[in-house]
Amino acid sequence: MSQITNEVKNQIKKRRTFAIISHPDAGKTTLTEKFLLYGGAINLAGSVKGKATARHAVSDWMEIEKQRGISVTSSVMQFQHDGFCINILDTPGHQDFSEDTYRTLMAADSAVMVIDGAKGVEPQTRKLFKVCALRHIPIFTFINKMDRETRDPLELCEEVERELGIDTYAVNWPIGCGKEFAGVYDREKQRILFFSGETRGKKVNSMEVALEDPSLDEMLGVEKAAKLRDEVELLGAGRDFDMKAVRNGTLSPVFFGSALTTFGVEPFLEEFLRMTTPPLPRVSDQGEVDVFSEDFSAFVFKIQANMNKAHRDRLAFMRICSGKFERDTEYYPVQSGKKLRLSQPQTMMAAEREIVEEAYAGDIIGVFDPGLFAIGDTITVPGKKFRYSGIPTFEPEHFMRVSPKDTMKRKQFIKGTEQIAQEGAIQIFKIPGAGLEEVIVGVVGTLQFDVFEYRMKNEYNVDLRMTSLPYDHLRLIESMDCHPDEIVLCTGAAVLQDFRDRYLLAFDGEWSVGFLTKHNPGLVLADTLSV
């Protein structure tokens, strides 16, 4: 492959693309806001649950997120800081939306894992960590909420190692916690960042004091200063920092701080940018694709409808994997096989958008989608036909029969269910031979039903009638010797059809598989679902 110009190469080298993951309420969205604050992207960070004003977190753009104070979609934000161009992917922490998070992690080069200092490693953290581990991406740990009473820092590091099976290295160390939290000690620079005050939502000043400095006793008190010196000495007896282990995802640098009061956020951001790499090569069905290739390529990891209610639009979010993207240039979506011009590419600040003329490997852009793209699609230049490796789909565990209360709204109902299904937030099935006035909706977590119902009402003006169904498993039918209507079903099982006209079996309990295969010779069910 021929190489690109130095200017494009330098632009790619500046890129840092990372996802923020955590259990709900560990402070992920608040940390994202503070990063944006330091990048000058916003002037005042809004606490997610802040009652002081009517502001909401910048990265929570959907109305239901603002009301509930949770993230239910992945947000994409780009900002500049210290010569770097940073793409942040803020993910939903709630387990009911983990599918969106898994897909988003496919677009990231590294991950920041936010842990609540009082609670330590929580169930959702474990799940998300496993995906990062599968991809061997660097994982940085930010232990948050040090402004509140927390567990012992050493105990927290040990728990991360024990629960997640990854080594840790404390880059800085907290001085006290809760009301006693006075700042952090930077081990490499051997200095103390002593924060002089808290102004909520504003940048915090810091003072530097050496560990041996006698003024430290005056500043912290003799007891606290002695404790800090002892703890730092103890850390020195532990493992050494190994950048190679960080890059291959086996060692996690640990930072302590408080996103809400901005303690420790700026040092964390600076060290994070120093330790992470520019975009890395991606694997396709034709081998690795070099980021510095002159040929543009990208894959779609997310589709979002109605980010702008006034325009009823739909955006496909793409992670650029190689080369340079230019507006109004002809590109080739491999799956559809039809060339097209991407005329309104946008970068994001959650729901705020900006049209871009060009973007580079590592960037995330949103392009207007006329219904052409699907999650997992590869886009490249005409003449190339490789595909990036697939994005996982999760088997739905909860099902409901859904129809519009007002039969006159059939058209809006069909449009809404199809569009939301194409985003990948829910999976929609039909009963073979029946119309689309009634569909079966499958989700990974029940909160997705609430969001689906809310969006159908708000975005498509359709009230729903929803009835729970007994299924908790779904398998794709790979082959069968009879017509789908003739399959012998057990109690609580049904034949469904997806929007790609594939036949599937929904059933209750794994025991049903034995019954179905026994009573239907020639019936072969797939083990997993995929996009």
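The following refers to the structure shown.

Calculation rules
- Residues numbered from 1 in each chain as written.
- Predicted model: local features only at pLDDT ≥ 70, side-chain atom pairs only at ≥ 80, totals over all residues.
- Heavy atoms only, no water.
- Buried < 20%, exposed > 50% of the residue type's maximum accessible area, 1.4 Å probe, protein only.
- Helix = DSSP H or I, 4+ residues; strand = E, 2+ residues; numbered from the N terminus.
- Arc of directions from axis to C-beta.
- Contact = heavy atoms within 4.5 Å.
- Pairing = 2+ DSSP bridges.
- Axes fitted to C-alpha atoms, helices over the stretch in contact; angles between N-to-C directions.
- Phe/Tyr/Trp six-rings, centres within 6.5 Å; stacked < 30°, edge-to-face > 60°.

So, helix 1 (residues 6-14)
Next, step 1: Residues of helix 1 that are buried: Val8, Gln11 and Ile12. Taken down its axis, helix 1 places every buried residue within 100° of arc, on the same side.
Next, step 2: Turning to helix 1, the residues buried within the fold contact strand 1 (15-22), strand 16 (324-326) and strand 21 (358-360).

Considering the sheet that holds strand 24 (residues 398-404)
Next, step 1: If you walk across this open sheet you meet the eight strands as 27-24-26-25-29-30-28-31, and the pairing is antiparallel. The sheet is open, and its two edges are formed by strand 27 (464-469) and strand 31 (524-525), each paired on a single side.
Next, step 2: Summarising the sheet, strand 28 (residues 473-479) and strand 30 (residues 503-507) pair through four bridges and their orientation is antiparallel. Counted as the bridge partner of Arg475 is Leu505 from strand 30.
Next, step 3: Strands in contact with helix 11 (residues 410-422) are strand 24, strand 25 (427-430), strand 26 (439-443) and strand 27; relative to strand 24, the strand with the most contacts, it is inclined by about 150°.

Re the packing of aromatic side chains
Next, step 1: Counted according to the given criterion, the structure contains 13 aromatic pairs.
Next, step 2: Here Phe142 and Phe268 contribute two aromatic rings whose centre-to-centre distance is 5.1 Å and whose plane-to-plane angle is 45°, an arrangement assigned as tilted. With Phe142 in strand 5 (residues 139-144) and Phe268 in helix 10 (residues 265-275), this pair connects stretches of sequence that are 126 residues apart.
Next, step 3: Centre to centre, the rings of Phe386 and Tyr388 are 5.4 Å apart; their planes meet at 85°, and the pair counts as edge-to-face.
Next, step 4: Accessibility expressed as a relative area gives 6% for Tyr388, which makes it buried.
Next, step 5: Chaining the aromatic ring pairs together yields one cluster made of Phe18, Phe140, Phe142, Phe255, Phe268 and Phe272.

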